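Spelled out from the first residue to the last, the chains are:
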Amino acid sequence: QVQLVESGGGSVQAGGSLRLSCAASGSVLRINTMGWHRQAPGKLRELVATITSGGNTNYADSVKGRFTISRDNAKNTVYLQMNSLKPEDTAVYYCHTEYTTVAFVGGDYWGKGTLVTVSS
């Protein structure tokens, strides 16, 4: 019922910036909290940042002050501006969304992921 299209990953040197985008679409009543998670090689997937439909944000301690999450509710799109990137930020970044169907049933969906590589 929901599709997520991610874009913006790539390779950058340490100290550089990247901006990720994730657009949600589908026959749902409402897109609720959206966010980004990441998974580095050999590690578990971890939360990076989330944002509610009302604009409340939450960040992992490791990215506070460097990453900014935002969204455009009219476009059901979430963004992740990543500044001062470090090699340890290298990971596959996954978009995640919670939604409510027209039948008022809640659900969630993951994107396919986009690779971010930060070289030293």
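In case you missed it, the structure is sitting above this.
The present account deals with the structure reproduced in this document.

Cut-off values and rules
- Residues numbered from 1 in each chain as written.
- Predicted model: local features only at pLDDT ≥ 70, side-chain atom pairs only at ≥ 80, totals over all residues.
- Heavy atoms only, no water.
- Helix = DSSP H or I, 4+ residues; strand = E, 2+ residues; numbered from the N terminus.
- Buried < 20%, exposed > 50% of the residue type's maximum accessible area, 1.4 Å probe, protein only.
- Salt bridge = Lys/Arg side-chain N within 4 Å of Asp/Glu carboxyl O.
- Core = buried A, V, L, I, M, F, W, Y, C linked by side-chain atoms within 4.5 Å.
- Contact = heavy atoms within 4.5 Å.
- Pairing = 2+ DSSP bridges.
- Patch = residues over 30% accessible without salt bridge, like charges linked within 9 Å, V, L, I, M, F, W, Y side chains within 5 Å.
- Areas by Shrake-Rupley, 256 points an atom, 1.4 Å probe, with all protein chains shown as cover.
- Axes fitted to C-alpha atoms, helices over the stretch in contact; angles between N-to-C directions.

1. Considering the environment of S62
For S62, the position within the fold is in the loop between β6 (57-59) and β7 (67-72). Overall, the relative accessible area of 39% leaves S62 in the partly exposed class. Residues S62 and E46 lie 16 residues apart in sequence; the distance between their C-alpha atoms is 11 Å.

2. Overview of the pattern of salt bridges
Overall, the coordinates contain four salt bridges when judged by the stated rule. Put simply, R38 and E46 hold a salt bridge, and the shortest N to O gap is 2.7 Å. Relative accessible area serves as the criterion here: at 6%, R38 is assigned to the buried category. Between K64 and D61 there is a salt bridge, with the nearest N and O atoms lying 3.1 Å from each other. Pair check on accessibility: K64 and D61 agree, each one exposed. The structure contains a network of salt bridges with shared partners spanning R38, E46, R66 and D89.

3. Some points on the nonpolar core
Residues W36, L80, M82 and Y93 are the most contacted members of the largest nonpolar core, which totals 30 residues. Every element with two or more residues in this core is listed here: β1 (2-7), β3 (18-26), β4 (30-39), β5 (46-51), β7, β8 (77-82), β9 (91-100) and β11 (114-119). Those residues in contact with Y93, other than ones at most four positions away along the chain, are E6, L20, W36, H37, R38, V48, F67, L80, M82, G113, T114 and V116.

4. Details of the pairing of β3
Two faces make up the sheet, and in a regular strand the side chains alternate between them. By the bridge criterion, six bridges tie β1 to β3 in an arrangement that is antiparallel. Each residue of the ladder has a partner; that of E6, found in β3, is C22. In this sheet, β8 lies alongside β3 in antiparallel orientation, the contact comprising six bridges. Across the sheet, residue L20 finds its bridge partner in β8, namely L80.

5. Some words on a nonpolar patch on the surface
Nonpolar side chains collect at one region of the surface, where L29, V102 and F104 lie side by side and expose about 340 Å² of accessible area between them. Along the chain, V102 turns up in the loop between β9 and β10 (106-110).

6. Describing the sheet that holds β8
Pairing within the open sheet is antiparallel, and its four strands lie in the order β1-β3-β8-β7. Where the open sheet ends on each side, the last strands, each with one partner, are β1 and β7. Between one strand axis and the next, the sheet turns by 15° as a mean value, whatever way the strands run.

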